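Topology and contacts: notes
Read off the chains here:
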Amino acid sequence: MQGHCDDRFAGVAEEFERNLAERGELGASVAVTVGGETVVDLWGGHADPERTRSWDKDTLCVVMSSTKGATALAAHLLASAGDLDVDEPVATYWPEFAAAGKDGVLVRHVLSHQAGLPALRDPVPAGGFYDWDGMVGRLAAEAPFWEPGTRHGYHALTFGFLVGELVRRVTGVSLGRFVADEIATPLGLDLYVGLPEGLGDRVARLVPPPDPQPGEPLPRFLVQAMTEPGSIPALVMLNNGGYLVPGEWDSPAALAAELPASGGVTNARALAGLYRAIVHDRRIGRFTLDAEDIARMGAVQSAGGQDAVLGGPGRWTLGFLKAGATPAGTDPPSVISLSEEAFGHSGHGGSIGFADPGCDLSFGYVMNQMSAATGLGPTGQSLVDATYRALGYRRAKYLTWVR
């Protein structure tokens, strides 16, 4: 373990060290800011499963759906500037999207996973997820799986194409270019949606979660994907041109592609820096965020009921994830325990970045040994818990942290 940690947050360092020594962590980084000041910046372990490369200060890693935080922020910056109205139809900015009965789909439906487009019905060819124009063209022509706005279903992979194309239609540049020019560069962040040439040697290799043991419960959506070929979970998990095949996530083709839902490459320091800019600086390049913007980012838009993809209830703001848990007794459980004011996004395998306006907190955690947990996972949650304890919070039941 290397880096620094303020004495007040020594518990975070202790949990990070335990993750490496006892909880199966391979390599990871964690960063925390409070009041705009960095109080934790730690890294350690190895960047490859053979343990031949140390995880260094500037090691990067694919963060899967934690990428959605940067993508959502891009939309909110445009909304703050008056260039994108979340209550306008998507077709106002992207006319072709009105096809197949989608003329009434609003921008807010896309951001809150209510658009009814979590997958494509027709087969996606091998490598098809790396063809931006092909993917957005097919999504524009696709009929919704449910009446938009009436329920939510996690748009695990399509979210990036939908929001990214809105950004492209409004600004004239790709989502990856917008993130680079308007967010990462002004803030000095190692954050990429589409990895530039020459940085591949800095990227840690993702290690898939361990195979389930006999008798071990599996998430409902995964069981449905494997047993019901035409179901929405099956189309999400299996009809993506091979992108979700373990080992493909950080292939050269995947790293180079712009995948704004799942392909971001970054580290904990940059994730914490992204959310610090939201919750503390409120100034990102040419954009300024006000209290209304922050409130819009953190307000729950879709929740309750059964998520059409994941099966659990789910809680989403306009592009961000809130603290949540599957109902008591669900096996296996899924928990992401933050304070009620926090918002951000986790990623498949266990990464997370979030902001908490209530205590002027930003947090980032990135790892390469993926967890099988559908929530945050034990390594990441231990670091979040230690952070809140250091700030004088206590856990309310099993879900939220309160002062």
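Described in the following lines is the structure provided in the data block. All values derive from a computational prediction rather than experimental measurement.

This brings us to unusual backbone geometry. Of note, the phi angle at arginine 51 is positive, near 60 degrees, even though the residue is not glycine. Phi angles above zero are rare outside glycine, and arginine 282 is one such case at about 55 degrees. Checked against the element boundaries, arginine 282 lands in the loop between helix H11 (268-281) and strand E7 (283-284). On the accessibility criterion, arginine 282 (27% relative accessible area) is partly exposed.

Mapping glutamate 22 onto the fold places it in helix H1 (residues 10-22). A sequence separation of 238 residues divides glutamate 22 from proline 260, and the C-alpha atoms of the two residues are 33 Å apart.

Right, let's get into the environment of leucine 255. With respect to the secondary-structure elements, leucine 255 resides in helix H10 (residues 252-256). Leucine 255 has contacts with Val62, Gly194, Leu195, Val203, Asp250 and Val265, leaving out every residue within four places of it along the chain.

Let us look at the sheet that holds strand E1 (residues 2-5). Across the sheet, 6 strands lie side by side as E1-E3-E2-E15-E14-E13; this open sheet has antiparallel pairing. The open sheet has two free edges, formed respectively by E1 and strand E13 (343-346), since each of these has just one partner strand. The mean angle between the axes of side-by-side strands here comes to 10 degrees, regardless of whether they run parallel or antiparallel. In this structure, strand E14 (residues 352-356) lies alongside strand E15 (residues 361-367), joined through 5 bridges in antiparallel fashion. Across the sheet, residue isoleucine 352 finds its bridge partner in E15, namely tyrosine 365. Along the sheet face, H1 touches E1, strand E2 (27-34) and strand E3 (37-45) and points at about 15 degrees away from the line of E3. This element, helix H13 (residues 378-390), spans E2, E14 and E15 of the sheet and lies at about 155 degrees to E15.

Let's shift gears to the sheet that holds strand E4 (residues 61-62). One open sheet holds the 3 strands; their spatial order is E4-E6-E5, and the pairing between them is antiparallel. Strands at the two margins of the open sheet, each flanked by one partner only, are E4 and strand E5 (191-192). As judged from the 2 bridges shared by E5 and strand E6 (residues 265-266), these two strands associate in the antiparallel manner. Its bridge partner being in E6, leucine 191 is matched across the sheet by threonine 266.

Quick look at helix H6 (residues 158-171) now. Compared with the 20 Å implied by 1.5 Å per residue over 14 residues, the 20 Å span of H6 between its first and last C-alpha is a close match. Regarding H6, the residues found buried are Thr158, Phe159, Gly160, Phe161, Leu162, Val163, Gly164, Glu165, Leu166 and Val167.

On to helix H7 (residues 175-187), then. In a regular helix each residue adds 1.5 Å, so 13 residues correspond to 18 Å; H7 covers 17 Å between its end C-alpha atoms and thus fits that length. Of all the bends found along H7, the most pronounced is centred on aspartate 181 and spans about 30 degrees. Buried-residue contacts for H7 involve helix H2 (67-80), H6, E5, H11, E7 and strand E8 (287-288). The first or second residue beyond H7 is glycine 188, which carries a positive phi of 65 degrees.

For the rest of this paragraph, the subject is the pattern of salt bridges. One pass over the full model with this rule turns up 18 salt bridges. For glutamate 22, the salt bridge is made with arginine 18, and the minimal N-O distance between the two is 3.3 Å. In this pair, glutamate 22 and arginine 18 both sit in helix H1, 4 residues apart, roughly one turn of the helix. Residue glutamate 22 is classed as exposed on the basis of its relative accessible area, which comes to 55%. Relative accessible area serves as the criterion here: at 36%, arginine 18 is assigned to the partly exposed category. Of the charged contacts in the structure, one is a salt bridge between glutamate 50 and arginine 205, with a shortest N-O distance of 2.9 Å. Residue glutamate 50 is found in the loop between E3 and E4, and its partner arginine 205 is found in the loop between E5 and helix H8 (220-227); the two are separated by 155 residues along the sequence. A single salt-bridge network, built from bridges that share partners, covers Glu96, Asp133, Glu165, Arg168 and Arg169.

Our focus in this paragraph is the pairing of E14. Judged by how many residues are buried, E14 sits mostly within the fold: 5 of 5 residues are covered. Alternating positions in E14 separate into two faces, Ile352, Phe354 and Asp356 on one and Gly353 and Ala355 on the other, with burial throughout. Sheet topology places E13 next to E14; 4 bridges connect them, and they run antiparallel. The partner of serine 346 across the bridge, within E14, is isoleucine 352. Here E13 folds back onto E14 in antiparallel fashion, the turn holding 5 residues, of which glycine 349 has a positive phi close to 105 degrees. The antiparallel pairing of E14 with E15 creates a hairpin that spans 4 residues between the two strands, and aspartate 360 there sits at a positive phi of about 50 degrees.

Attention shifts here to the environment of aspartate 250. Among the structural elements, aspartate 250 can be located in the loop between helix H9 (232-238) and H10. Owing to a relative accessible area of 16%, aspartate 250 belongs among the buried residues under this scheme. Sequence-distant contacts of aspartate 250, defined by excluding residues within four places in its chain, comprise Val62, Ala204, Arg205, Leu206 and Leu255. Looking at aspartate 250, its side chain comes within polar contact range of the main-chain nitrogen of leucine 206, at 2.7 Å.

How each quantity is defined
Residues numbered from 1 in each chain as written. Predicted model: local features only at pLDDT ≥ 70, side-chain atom pairs only at ≥ 80, totals over all residues. Heavy atoms only, no water. Helix = DSSP H or I, 4+ residues; strand = E, 2+ residues; numbered from the N terminus. Buried < 20%, exposed > 50% of the residue type's maximum accessible area, 1.4 Å probe, protein only. Contact = heavy atoms within 4.5 Å. Pairing = 2+ DSSP bridges. Axes fitted to C-alpha atoms, helices over the stretch in contact; angles between N-to-C directions. Expected span 1.5 Å × (residues − 1). Bend = angle between axes of the 7 residues up to and from the residue. Salt bridge = Lys/Arg side-chain N within 4 Å of Asp/Glu carboxyl O. Polar contact = N/O pair within 3.5 Å; in protein donor to acceptor, adjacent residues only side chain to side chain.

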